[in-house]
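Fold and geometry: a report
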Amino acid sequence: DAAKLRVVPEQDLLELWREVVACSPLKRRELWMDAYERRYYRQILDGIAALRPLRLIPEPEQRPQAQYLFCMDEREESIRRAIEEQGPQWQTFGLAGFFGVAIDYQGLYDHSPAAYCPVVVTPAHEVHETPVHTHRRWHATRNRLRNAWRSARRVMHYQSRTLSGGAGMALLLGPYYALVAALRILLPHESLGLHDKVTAHLSPLPDTRLLAVRHLDNALLTARGKLLGFTLEEATDRVAGVLNSIGLVSNFAPIIMVLGHGSTSLNNPHESAHDCGACGGRRGGANARLFAALANLPEVRLALKDRGITVPVDTWFIGGLHDTANDDVSYSDLGALPHAQVDVFDAADQVLDKARRMSAAERCRRFYAASLPVTPDEGLKHVETRARALGQPRPEYGHCTNAFAVVGRRSLTRGLHFDRRGFLISYDPTLDKNHAIIERILAAAGPVGAGISLEYYFSSVDNERYGCGTKLPHNVIGLMGIMNGHKSDLRTGLPLQMVELHEPMRLLVICESTPEALMQVAGNQPEVYELVVNRWIQLACVDPDTGAMHIYTDSGFVPYIPSALPLSKVESSADYHGMQRDHLPPALVQAALRNRAESTESAAHA
């Protein structure tokens, strides 16, 4: 600082000045960038270190009321925190959002199957959605009506381009479409809500099921030469793999919600960029539904028991989809929910409903159209309206706040307010004797997280060259890319409206593991090795037993000494982010740590 510089001898100052002059502009920018990244990763590592004394307090032994499996996506961090603030009986887990079932999936009205898995994975299985037997007739009728409606729309489209047809349609239908357009612009939420209700009443979707399991071992091939569904052993492998990877092998709750995610917005050529990266840029509801269906099969439960995982008979998995644009949550196959589980499901659903409102209010602080403070109900209405507005260029900000990833037990981070900036991946190192689990996690989640991080990094560093500029003039061309207006090169990268808030820095990956284990994993996985050694990501680890931290540098792993600065403490998340619109450092949220505080008081009384 200035005071120290004043007492430095002149000769030493000249030496310092020569070093400053000799430092090239490129090296200077590199040093500045390192300092910029170091500032943030110190905040994260210090926050995790500050939580360690509380982690050492044993948690009370009680059965959770519900458990929620979310995608690792950093946009799910706020809703997970909001769930946990409602009590220790609600637990959350994070994993890659394809939930261990890499499939080519064909929905009921899809033209052909598509891959629902990370882009580095090639599915060997297809899963099809089909109507249940009692709804097959209605499905056929609805299909005929849909085809007739599409044919009529095509005829209207062609006729509207003729002189007589265009004049006639403008005269007959012009007032109606003008009214619809005005309502869409002035009252987007109400008009589309009415449209959805009318459509659901006049043309409800048929009940469906997934062609997911072959009870015979003989291979059934689809028209594309892939296996249709899974054998019992394959299904058990998938379910056991996920439960082992996230450390959920005992103390199962009566209700376990498996929630994929996607995003819904209007007039948005970049809509799929808001969907699930672990599902290849598609929505993860199908994967969540499939995993829940497999986990509920009695035959799979029996096979899991032979592998040391006993799922109680009163545990039921529910698949669903969380929409990260409007914070809506929808469930699949509720008709199969056992009657005995209805009350516990309703309680879990109420907790999730409150959490999505709290999360929506937290998201609103990033939208300057929302006046702060915002109540949970006001926040939910605001994000629902944004997602349905025709002229809204920012229905949500996507991954624009991503900065780090944590691979470890939830106790490593539960109670920390991360400001929706971290990929949170559940992993229990005590179950991973030969590092095989963390190797699988990093092989799948590493490229996904790093790819998202680097996509946002370069698109924000130089949006015109590596991104694609403002989205306002973008048009979709041939269903394969976008152009500026009607004439330009295909644009790559992300639009300006998705990276305005992003702080460009390399992803910091923090693993609850040892340096030796991580180097072994990197040696076995070329994709992970390239990311680590070439410094496309930053890597740190927390020893599962001692809590000692190390960070990877050019000379290998070196010890990291946390700062002694105290961490901010608040009662609830809303007390912390409140009126703040900028990025926030981590803080301890007491409500999410109430279980540890109670266990401490109980021990003191005893």
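Scroll up to find the structure.
1. Here we look at the overall build of the protein chain
When you go through the protein chain residue by residue, the secondary structure sums to 17 helices and 23 strands. Against the compact-globule benchmark of 25 Å for 606 residues, the protein chain has a radius of gyration of 26 Å, which places it among compact chains. For the C-alpha atoms alone, the extent of the protein chain along its principal axes is close to 90 × 60 × 50 Å. For the protein chain, buried positions account for 49% of its 606 residues. Sequence-distant contacts, at least 24 apart, represent 70% of the contacts inside the protein chain between residues at least 6 apart. In the form shown here, the protein chain has an accessible surface area of approximately 29500 Å², with 58% of it arising from carbon and sulfur atoms. Side-chain charges in the protein chain split into 64 positive and 68 negative, and the spacing between the mean points of these groups amounts to 6 Å.

2. Remarks on the pairing of strand β2 (residues 90-95)
Here β2 lies mainly inside the structure; 5 of its 6 residues are buried. Both strand β1 (residues 66-71) and β2 contribute to a ladder of 6 bridges, which runs parallel. The partner of C71 across the bridge, within β2, is L95. Handedness of the β1-helix α4 (residues 77-84)-β2 crossover: right-handed.

3. A word on the packing of helix α13 (residues 436-461) against helix α14 (residues 515-524)
For the pair α13 and α14, interaxial distance at closest approach is 10 Å and the crossing angle is 55°. The orientation of α13 with respect to α14, classified from their angle, is oblique. In the crossing of α13 with α14, the sense of the turn from one axis to the other is right-handed. Side by side, α13 and α14 meet where I438, E439 and L442 of the first sit next to L518, V521 and N524 of the second.

4. Overview of the nonpolar core
The biggest cluster of nonpolar side chains holds 50 residues, and the ones touching the most others in it are L442, C511, L518 and L539. Broken down by element, this core gets its largest block of residues, 9 residues, from α13. Beyond its immediate stretch of four places on either side in the chain, L442 contacts V407, P447, C511, L518, V521 and V528. Formed by 37 residues, the second largest nonpolar core is a distinct cluster that contains V101, I103, V239 and V242.

5. A few points about the packing of aromatic side chains
One pass over the structure, following the stated rule, counts 11 aromatic pairs. Summarising the aromatic geometry, the rings of Y331 and F345 are spaced 5.1 Å apart at their centres and angled 75° between planes, so their arrangement reads as edge-to-face. With a gap of 14 residues between them, Y331 in strand β12 (residues 329-331) and F345 in helix α11 (residues 342-364) connect regions that are remote in the sequence. Each ring, one from F458 and one from Y466, has its centre 5.7 Å from the other, and the planes form 65°; the classification is edge-to-face. Put simply, the rings of Y40, F404 and F418 pair up and form one aromatic cluster. Sitting over the face of the ring of F367, R386 holds its NZ or CZ atom 3.8 Å from the ring centroid. The ring of Y368 carries R581 above its face, with NZ or CZ at 4.8 Å from the centroid.

6. Focus: a nonpolar patch on the surface
Among the surface-exposed residues, L5, L13, L16, W17, V20 and V21 lie close enough to one another that they form a single nonpolar patch of about 560 Å² accessible area. Ranked by the residues each element gives to the nonpolar patch, the list is headed by helix α2 (residues 10-22), at 5 residues. Position of L16 relative to the elements: it lies in helix α2. L16 gets classed as partly exposed once you look at its relative accessible area, which sits at 44%.

7. Concerning the layout of surface pockets
Volume-wise, the largest pocket comes out at about 1800 Å³. L205, T264, R283, L321 and S330 are the residues nearest the centre of the largest pocket, which is lined by 43 residues in total. Among the elements that make up the lining of the largest pocket, the one with the highest residue count is helix α7 (residues 188-202) (5 residues). Per-class residue counts for the lining of the largest pocket are 16 nonpolar, 13 polar and 14 charged. In this structure, the second largest pocket is lined by 38 residues; those nearest its centre are S272, A273, G280, G281 and R282. Among the elements of the structure, β4 (114-116), α13 and β17 (481-484) are those that each provide at least two residues to the lining of the second largest pocket. Looking at which element gives the most residues to the lining of the second largest pocket, the answer is α13, with 6 residues. Split by residue class, the lining of the second largest pocket holds 18 nonpolar, 13 polar and 7 charged.

So, how was this worked out
- Residues numbered from 1 in each chain as written.
- Predicted model: local features only at pLDDT ≥ 70, side-chain atom pairs only at ≥ 80, totals over all residues.
- Heavy atoms only, no water.
- Helix = DSSP H or I, 4+ residues; strand = E, 2+ residues; numbered from the N terminus.
- Rg over C-alpha atoms; globule rule 2.2 N^0.38 Å.
- Buried < 20%, exposed > 50% of the residue type's maximum accessible area, 1.4 Å probe, protein only.
- Contact = heavy atoms within 4.5 Å.
- Areas by Shrake-Rupley, 256 points an atom, 1.4 Å probe, with all protein chains shown as cover.
- Lys, Arg positive; Asp, Glu negative; His and termini not counted.
- Charge placed at Lys NZ, Arg CZ, Asp CG, Glu CD.
- Pairing = 2+ DSSP bridges.
- Right-handed = clockwise from strand over helix to strand, strands pointing away.
- Axes fitted to C-alpha atoms, helices over the stretch in contact; angles between N-to-C directions.
- Parallel < 35°, antiparallel > 145°, perpendicular 65-115°, else oblique.
- Left-handed = near helix turned anticlockwise from the far one by under 90°.
- Core = buried A, V, L, I, M, F, W, Y, C linked by side-chain atoms within 4.5 Å.
- Phe/Tyr/Trp six-rings, centres within 6.5 Å; stacked < 30°, edge-to-face > 60°.
- Lys NZ or Arg CZ within 6 Å of the ring centre and 35° of its normal.
- Patch = residues over 30% accessible without salt bridge, like charges linked within 9 Å, V, L, I, M, F, W, Y side chains within 5 Å.
- Salt bridge = Lys/Arg side-chain N within 4 Å of Asp/Glu carboxyl O.
- 1 Å grid on protein atoms, 1.4 Å probe; cavity = no way out; pocket = protein on both sides within 12 Å on 5 of 7 lines; lining within 4 Å.
- Points joined across faces, edges and corners; volume = space filled by probe spheres on them.
- Nonpolar A, V, L, I, M, F, W, Y, C, P; charged D, E, K, R; others polar.

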